[in-house]
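# Summary of structural features
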Amino acid sequence: MAAQYQIPDENTKNYGVLLSKKDDLQVVEIPMPTPGPGEVQVQVKATGICGSDVHLWKYGEIGIFPVTQPQLLGHESAGVVTALGEGVTELRVGDRVAIEAGIPCSKCSQCMAGRYHLCPVVVFKSTPPYDGLLAKYCTHPARWLHKMPDNVSYEQGALLEPLSVAISAIERCGVTFGRSLLITGAGPIGLIVLAVAKATGVSPVIITDVQPSRLEYAKQMGADFVYQVDPKKPDYEAAKEIRDLVGGEGCEYTLECTGIESSFRTAIMATRDAGVCCLVGVGKNDQSLPVNNFAMREVDIKGLFRYHHTYPRAMALIASGKLNIDHLITHKYDFMDALKAFNTASDYSTGAIKVQILN
């Protein structure tokens, strides 16, 4: 696939999607960035809107990270190299790349142990206070760019970020071929987790959500069981009904993909004795959990924070055709219509799953 791109000159304008504060999102002109040593300039071609982007916009925070200054949003991006900084030899102008959004120090004990996602000084694009990737042009260290084969599109390249979360979630909880899995939440991450689980032989798979349309979609993707959550029903009743779908014992592994307290509680109680429940979604900092329920049944509770060493495998899965998640991209918008894209992504009535902004 020949890359179509524009090398900027003195007349080229750069634009970004800027969050100034809660509920204040605008497309604004920003300076054209120049790559420093070890960096390249990228014309960003496709960026997916993550739930965290919407949460930053609507609530002014995500997890433990509050918005403290104006910043660009976006961290699910792919593009094409348009300029090289000093010392960059592994990339060339015109190379099509997926952008891994986290930039660790590569020196601390976590980085040296291979857990670079836990680097205490990691710069993760769009996590406050750092600018994101929703710009027409940006700069990024060459080390954290991944060349895309010709048969991987920019839109697919932008999907590698949420796919990386799903791969990391599957590995973190430990579910393998022939084991049972409960996924709570059929949003983009939950559905991509479902796709990875089915591709790797995990079975049976249950997925839950409050929206019937999302559950119908999950059925079409191969979910063995779906469960519609009734917010008025006590969590212990919901947990029992979910466990009964697989003979009363519950699933051996659970991935909680909403971050919502009631869903996390249900997820814990629905997990089989001696099973594993891993929190993937990001919700309130402090939540009330059924401690005796998981302690006295020896259910292991784990957390997940982003991903590491996943991009090459995610790329290979997409390039091989063994995993097709293109259908999750339900809406595409031109860059200058970014505000419309965010409104669509934040409105359940639109039926949006993954909304992308194209340049």
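Going by the structure above, here's the rest.
Here goes a summary of the coordinates provided. If you're wondering where the values come from, they're calculated on a predicted model, not measured in any experiment.

This next bit is on the sheet that holds strand β15 (residues 225–228). On the basis of which strands lie adjacent, the open sheet formed by 6 strands has the order β15-β14-β13-β16-β17-β18 and parallel pairing. Single-partner strands in this sheet number two, and they are β15 and β18 (300–303). Neighbour to neighbour, the strand axes of the sheet diverge by 20 degrees on average, direction disregarded. Where strand β13 (residues 181–184) lies against strand β16 (residues 251–256), 4 bridges are found, and the strand directions are parallel. Bridging from a neighbouring strand, Thr184 pairs with Glu256 of β16. Its contacts with the sheet put helix α7 (residues 261–270) on β13, β16, β17 (271–279) and β18, and the angle it makes with β17 is roughly 150 degrees.

For the rest of this paragraph, the subject is empty space enclosed by the protein. All told, the structure shown has 1 cavity of 30 Å³ or more when counted by the stated rule. Approximately 70 Å³ is the volume attributed to the largest cavity. If you go around the largest cavity, the residues you meet are Glu100, Gly102, Ile103, Pro104, Tyr116, His117, Val122, Phe124, Arg306 and Tyr307. Looking at side-chain class alone, the lining of the largest cavity contains 6 nonpolar, 2 polar and 2 charged residues.

The next subject is helix α4 (residues 188–199). Across its 12 residues, α4 extends 17 Å between first and last C-alpha, which sits within 8% of the 16 Å expected from 1.5 Å per residue. For α4, the set of buried residues is Gly190, Leu191, Ile192, Val193, Leu194, Ala195, Val196 and Ala197. On its buried face, α4 is in contact with α3 (154–173), β13, β14 (205–209), α5 (212–220) and β16. Where α4 ends, the next residue or the one after it, Gly201, has phi of about 85 degrees, a positive value.

With that settled, the discussion passes to the pattern of salt bridges. Applying the stated criterion across every chain, the model contains 14 salt bridges. The closest approach of N and O atoms between Lys147 and Asp95, which form a salt bridge, is 3.8 Å. One end of the pair, Lys147, is in strand β12 (residues 145–147); the other, Asp95, is in the loop between β7 (76–84) and β8 (96–99), and 52 residues separate them in sequence. Ionic pairing is found between Asp273 and Arg243, a salt bridge with its closest N-O pair at 3.9 Å. Taken together, the positions of Asp273 in strand β17 and Arg243 in helix α6 (residues 235–244) put the pair 30 residues apart, joining distant regions of the chain. Sharing partners across several salt bridges, the network here consists of Arg243, Asp273 and Arg297.

How each quantity is defined
- Residues numbered from 1 in each chain as written.
- Predicted model: local features only at pLDDT ≥ 70, side-chain atom pairs only at ≥ 80, totals over all residues.
- Heavy atoms only, no water.
- Pairing = 2+ DSSP bridges.
- Helix = DSSP H or I, 4+ residues; strand = E, 2+ residues; numbered from the N terminus.
- Axes fitted to C-alpha atoms, helices over the stretch in contact; angles between N-to-C directions.
- Contact = heavy atoms within 4.5 Å.
- 1 Å grid on protein atoms, 1.4 Å probe; cavity = no way out; pocket = protein on both sides within 12 Å on 5 of 7 lines; lining within 4 Å.
- Points joined across faces, edges and corners; volume = space filled by probe spheres on them.
- Nonpolar A, V, L, I, M, F, W, Y, C, P; charged D, E, K, R; others polar.
- Expected span 1.5 Å × (residues − 1).
- Buried < 20%, exposed > 50% of the residue type's maximum accessible area, 1.4 Å probe, protein only.
- Salt bridge = Lys/Arg side-chain N within 4 Å of Asp/Glu carboxyl O.

Note that all results are geometric; they support no functional claim without further evidence.
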